[in-house]
Amino acid sequence: MVSPSSSLIWREIPERYGMVGSVCQTCGASYFPQRKVCPKCRRKGKLALQKMPENGRIYAFTEVHSAPRGFENESPYFLAIIELSNGVRVLAQIVDSEKEKVKAGATVEMRFRKIFEAGKEGILAYGYKFKVV
Amino acid sequence: MRKAFGDFVKGIGIVGYGAYIPKRRIKVEEIARVWGKDVKRITEGLGIKEKAVAAFDEDSATMAVESARRAVQNSGVDAKRIGAVFVGSESKPYAVKPTAAAVADAIGASPELTAADFEFACKSGTTAMQCCLGMVASGMIEYGLAIGTDTAQGSPNDPLEFSTGGGGASVIVGNQGVIADFEEFYSYTTDTPDFWRRPSAEFPQAAGRFTGEPAYFRHVINAAKGLFAKTGLEPKDFDHVVFHQPNAKFPLKAAKILGFEEEKLKQGLVTPFIGNTYSACSFIGLASILDVAREGERILVVSYGSGAGADALSFKATKEAERKRPKETIFNMIKEKEYVDYATYVKHRRKLKDV
């Protein structure tokens, strides 16, 4: 993994820490990650920041055995598409969950974890992961 | 001379709390097996059966955030009204870069606050709480968030490795919706080299038996006695007591010296199940007491930090404590666990070269 710059990590903090996405005040659609333009309303759309719910269900998942660089020591781990309670889908790691409980439809809750380290002396990136509850 | 502290802080106290205990556990028996130690002697000597192990992607900052989010939820306080975030820890993920700033951001607090990390071995959490109490009492801030969090370090095969666990706990201090009224504190501090870690060292060192009488007991006993003298209270006036718990033996002995019945210690004694969580230790014990505290019950907290000092604080539970019970109690969190073997523990705690 190429170590991202600290400014890139910093830019993602509202999304990674607080799951702050967007809502279109014209049509009411929610988006995560944040969008600059509502794809439905285009120029008529008016986007504002919106905090996403911290719970949802597993929509689909996979178990990663061949992890990308930087995540090798964590494998095998689960990666899932989570459908949040407002219908928005996010991709996230699943943590602290027994293998047999990780399945489509399982209820999950957000957890705050370390995502990666930019090398031994670099910055640490924190953010959301999910746990089956 | 200032007026009696109890009068000055009337109506101020804990308005909510939260804790986080990592799911993984390693049995002391498993650590003893690897190092060829006498299991019975170690478990009986420490009174610890197992300890909580932070995962590969957990550190003192993630546990601080988890506990702080639960405290915000439990208190019902709008995070934007928190004016100070102080994090007590001796296992900061950065040597220089505040965990407190990450916590403030992660709980959705306003940038308009003051924040800092505190270090005083295992007692920095209660010191952070004292600062919040003072700032709320003076009217400088509306609410303050104090946190104790640690992924306690222990060198392989060191006596510390058998006892050092991981965890975090937070309290929000304020004057509205108080669940435990703050009554008084008394602190006792001297320069006593019983445990330390130099900046470049990976693991701390403890001065063996010296950590007992001149260190833990001298400070804990003096802080508690100082509080009694200052308030006129006696052990019989308290319903619950929590002492810092480097093992399960020290707090029991401290209780005996001071004249507390063992029963009063029970609810806050968590070290046998999760190990010594350093800065989080007395905080998690206090949280466990608040899980069950009834209106009018008085609680004594005596933290201890090597180096050395102790903070004794007296609280009295209110009706709100019964109303604002958290979704999950400390003993429920203790029950949720997954055992790991020594090799897995070593991987998660990154005790291997290049991990």
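Here the residue numbering is sequential within each chain, running from 1 through the sequence in written order. Naming scheme: in the order in which they are written, chains are lettered from A and ligands are numbered from 1. With the structure being a predicted model, the display of local features is reserved for residues of pLDDT at least 70 and the display and counting of side-chain atom pairs for 80 or more, all residues being used for whole-chain, interface and lining totals. Hydrogens and water molecules were not included; the side-chain quantities draw on all heavy atoms of the structure.

## Some details on the side chain of B:Ser89
All names here are of chain B.
At step 1: Relative to the helices and strands, Ser89 is located in the loop between β4 (82-88) and α5 (99-106).
At step 2: Distance and chemistry together define a polar contact, namely a pair of N or O atoms within 3.5 Å, with one atom able to donate a hydrogen and the other to accept it when in protein, and with adjacent residues in sequence counting only for side-chain atoms on both sides. Polar contacts involving the side chain of Ser89 include one to the main-chain carbonyl oxygen of Thr149, which spans 2.8 Å.
At step 3: Residue contacts are counted whenever heavy atoms from the two residues lie within 4.5 Å of one another. Leave out the neighbours within four places in its chain, and Ser89 touches Ser60, Phe118, Glu119, Ser124, Thr149, Asp150 and Ser279. Strands are runs of DSSP state E lasting at least 2 residues, helices are runs of H or I lasting at least 4, and numbering of each runs from the N terminus.

## A few points about the packing of aromatic side chains
Residue and element names in this part refer to chain A.
At step 1: A pair of aromatic rings is counted whenever rings of Phe, Tyr or Trp (Trp by its six-membered ring) have centres within 6.5 Å, and the orientation is called stacked for planes under 30 degrees apart, edge-to-face for over 60 and tilted otherwise. Applying the stated criterion to the full structure yields 20 aromatic pairs over all chains.
At step 2: A centroid spacing of 6.0 Å and a plane angle of 65° characterise the contact between Phe61 and Phe78, whose relative ring orientation is edge-to-face. One end of the pair, Phe61, is in strand β4 (residues 55-64); the other, Phe78, is in strand β5 (residues 77-84), with 17 residues separating them in the sequence.
At step 3: Only protein chains enter the accessibility calculation, which uses a 1.4 Å probe; a residue is then buried when its area is under 20% of its type maximum, exposed when over 50%, and partly exposed in between. Among the residues examined, Phe61 registers a relative accessible area of 37% and is labelled partly exposed.

## Details of the domain arrangement of chain B
Residue and element names in this part refer to chain B.
At step 1: Where each domain begins and ends follows an automated or database-derived domain assignment. Taken domain by domain, chain B consists of domain 1 (5-179 + 326-335) and domain 2 (185-323).
At step 2: Of note, the centres of domain 1 and domain 2, computed from C-alpha atoms alone, are 14 Å apart.
At step 3: In this assembly, 56 residues from domain 1 lie in contact with 51 residues from domain 2.
At step 4: The quantity reported as buried area is the accessible area (1.4 Å probe) lost by two parts once they are put together, taken as the sum for both. For the pair domain 1 and domain 2, the summed buried surface comes to about 4,100 Å²; carbon and sulfur atoms form 67% of the total.
At step 5: Of all residues in domain 1, Cys122, Gln130 and Ile179 bury the most surface against domain 2, accounting for 16% of the area lost on that side.
At step 6: Here, a salt bridge means any Lys or Arg side-chain nitrogen found within 4 Å of an Asp or Glu carboxyl oxygen. One can count 1 salt bridge joining domain 1 with domain 2.
At step 7: Across the pair Lys123 and Asp311 runs a salt bridge whose closest N-O atoms are separated by 3.0 Å.
At step 8: Scanning the region where domain 1 abuts domain 2 turns up 23 residue pairs in polar contact (both at pLDDT 80 or more).
At step 9: At the level of secondary structure, the elements contributing two or more residues to the side of domain 1 that touches domain 2 comprise β1 (13-20), α3 (39-46), β3 (50-53), α6 (124-137), β6 (143-151), β7 (166-174) and α12 (330-335).

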